[in-house]
Amino acid sequence: MRNTLDCLPNEDYISIERVLSTRALNPVFQPIVDFRANAFLGYEGLIRGPYGTHLQRPDHLFQEAQLLGLGPELEVMCLEILLDQHAGSYIPGRLFLNVTPSLLLTPYLRAGVFSDRLKDLNISPSRIVFELTENQKITDLPGVLDAITHYRSQGFQFAIDDLGEGFSNLRMWSDLRPEFVKIDKHFIKGIATDRIKFHFVRAMQDLAEICRSSLIAEGIETEADFLCVRDMGISCCQGFFVAQPAADPPRFANAQTIAALSRPRLLRGSVVAQATAPSARSLLRELPALSVTENNDAALAHFTNDAQLDVLPVVRGEQPIGMLNRHVLADRFARPFQKELFGKRSCDLFMDQAPLIVDQTATIQELAMMLALAPKRYLLDGFIITDKGRYLGVGSSHHLMALITEMQISAARYANPLTQLPGNVPTNEHIDSMLQSRLPFVAAYVDIDNFKPFNDNYGYRRGDDVIQLLGQMLLEHVDPTRDFVGHIGGDDFFVVFQSPDWEQRCWDIIATFGEAMATLVGQEDYASGGYMAENRKGEVVFQSLPTLSAGAVRVLPGEYDSHREVSSAAAIAKKQAKKAQKNSEAQKRGAVFMERRHATSLVSVVGEIPYYLN
């Protein structure tokens, strides 16, 4: 769409009235990447004023319109121009449109003028996401909430813009319960190296899971930030790293984005390691797709010839753009004269224009979360599986539920019954998956010292309390997006660290464990650091309170071949940690021993100078 004022060279000033009378607005679109699908979720529609003028920037454009009382008129015109360009250019996926809360109450939206325009352009309401901006205070919250309920009943979805910019959008999140929440770019820029921003966004992520919202990270400008938000589990992102806003935006990710998406994910500390868990590819059914150029009569013929066929994906070229449901099509054609009227029309007329699309590499956990957040119709229609945005086939929600049930049974079978943490089998699988992914990590073998005398003296129930306490502490002190905690038996635990500050985390665990012993023994025993009890020879001697020893091994790509070698090296390091603690002049509260050499040299290592907890 060409700006009607482009022919005016270097015109520095132009009135807002002239912009409106000539519709001199430039629509541009910026893609939003869905990390779960490794493809574009949709596009945010943006407006630029006449190029080369003081109104080119949207903030200047809207400020001047508001001063002259022309804000609502400008907002409506922006929506119409964006819709026309979006439909005319066949831009796929969802369309995010910025609207002020007051516009939701206007006849333009409430009376159906906007919906009628969507019908004329053959755009389903399920593809539209109203992005509520915070530049206008909500004065009629009950009215806005009622309007949102009305629009949702028609299929529209909602997003909150710039989370973190002010406190009011936190209240909007609580009140409006949007499907999408956009994180302000302030918290995203530099997140890969800024620990404070990382934890702020982690807190937002926790809220999103509770509120069943998908987060979109705005302002992604570097590959490091792109990978960081992906590996944190943020659903989507947009920014200059992916693509700049353009009138005719890309339909597929560029080589830079594809290369970043192809990089290995940091493995999460789950019961079943993500690298070994089934992916969406395992649910793939290679079903031929309908071309958007085929008509509804052809679609009906496909369903008639195959009684087992419930859905048909619709593609434009290699890109999926919708899903056609057998029952929807049959219902339409069952009405009088519908087949005669619409049989020769394109099959995109009755399709779901916003199907659930996932990349073949999406994990089962990610896929299940997407279905949990998605409208109920996806449970019946299933989902489309792609390879970097290109159609491969479809997947069934029924098969997904069966696979999740099987995984849960397997996880329960191999979980430690006392702590419910992953046992030997999933721990070994996780280590092997880390080795296969060639990601560096630190394997730490954590053991409770002086545990048997404590268990004998205080009873097995108190001994179980100590083991459960340690399991909980390990979970609290690791990064759940990077690290893995396994309970391999008795009082032995295994931690696979990807956190760069793993050593400090070990010391924090040891210190916290020592302090927590005060809740498990009497004040006198805790103050003296132990108690009098019989040893194995029947002699009454002083027994020290339980402490921790941790033996750690740094694992670099290619150094180890299997979990057996890693666990053996960590076990030797743990023995060195125990020796270091016993040989210390004063009784310590724990020790960490780090072996930085390859496992083959460990046998001949007498020991290194250990680090002691002061």
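Before any of the text, the structure's been laid out above.
It should be emphasised that the depicted structure is a prediction, and the values quoted were computed from it without experimental measurement.

Chemist: I tried to follow the overall build of the protein chain on my own but got confused; where do I start?
Modeler: Broken down by element type, the protein chain carries 24 helices and 22 strands. Buried positions account for 52% of the 614 residues belonging to the protein chain. Within the protein chain, contacts between residues separated by at least 24 positions form 69% of all contacts whose residues are at least 6 apart in sequence. For the protein chain, the exposed surface amounts to about 28200 Å²; the carbon and sulfur share of it is 53%.

Chemist: When you look at the side chain of serine 115 in this model, what are you seeing that I'm missing?
Modeler: Mapped onto the secondary structure, serine 115 falls in helix 5 (residues 113–120). At a separation of 3.4 Å, a polar atom in the side chain of serine 115 contacts the side chain of glutamine 154. Not counting the four nearest positions on each side in its chain, serine 115 is found in contact with Gln154 and Phe156.

Chemist: Looking at this structure, how should I read the environment of alanine 260?
Modeler: Position of alanine 260 among the secondary structure elements: in helix 11 (residues 255–262). C-alpha of alanine 260 to C-alpha of arginine 230: the two residues are 30 residues apart in sequence and 10.0 Å apart in space. Leave out the neighbours within four places in its chain, and alanine 260 touches Glu223, Phe226, Leu227, Arg230 and Phe241.

Chemist: Looking at this structure, I do not really get the sheet that holds strand 12 (residues 357–359). What am I missing?
Modeler: Sheet strands line up and pair through hydrogen bonds in the backbone, either parallel or antiparallel. Taken in spatial order, the three strands line up as 12-13-14 in an open sheet, and their pairing is mixed. Two strands in the sheet have a free side with no partner beyond their single neighbour: strand 12 and strand 14 (390–395). Across this sheet, the average inter-strand angle for adjacent strands is 35°, counted without regard to direction. Direction of pairing for strand 12 relative to strand 13 (residues 383–387): parallel, over a ladder of three bridges. If you follow aspartate 359 over to strand 13, its bridge partner there is threonine 386.

Calculation criteria
Residues numbered from 1 in each chain as written. Predicted model: local features only at pLDDT ≥ 70, side-chain atom pairs only at ≥ 80, totals over all residues. Heavy atoms only, no water. Helix = DSSP H or I, 4+ residues; strand = E, 2+ residues; numbered from the N terminus. Buried < 20%, exposed > 50% of the residue type's maximum accessible area, 1.4 Å probe, protein only. Contact = heavy atoms within 4.5 Å. Areas by Shrake-Rupley, 256 points an atom, 1.4 Å probe, with all protein chains shown as cover. Polar contact = N/O pair within 3.5 Å; in protein donor to acceptor, adjacent residues only side chain to side chain. Pairing = 2+ DSSP bridges. Axes fitted to C-alpha atoms, helices over the stretch in contact; angles between N-to-C directions.

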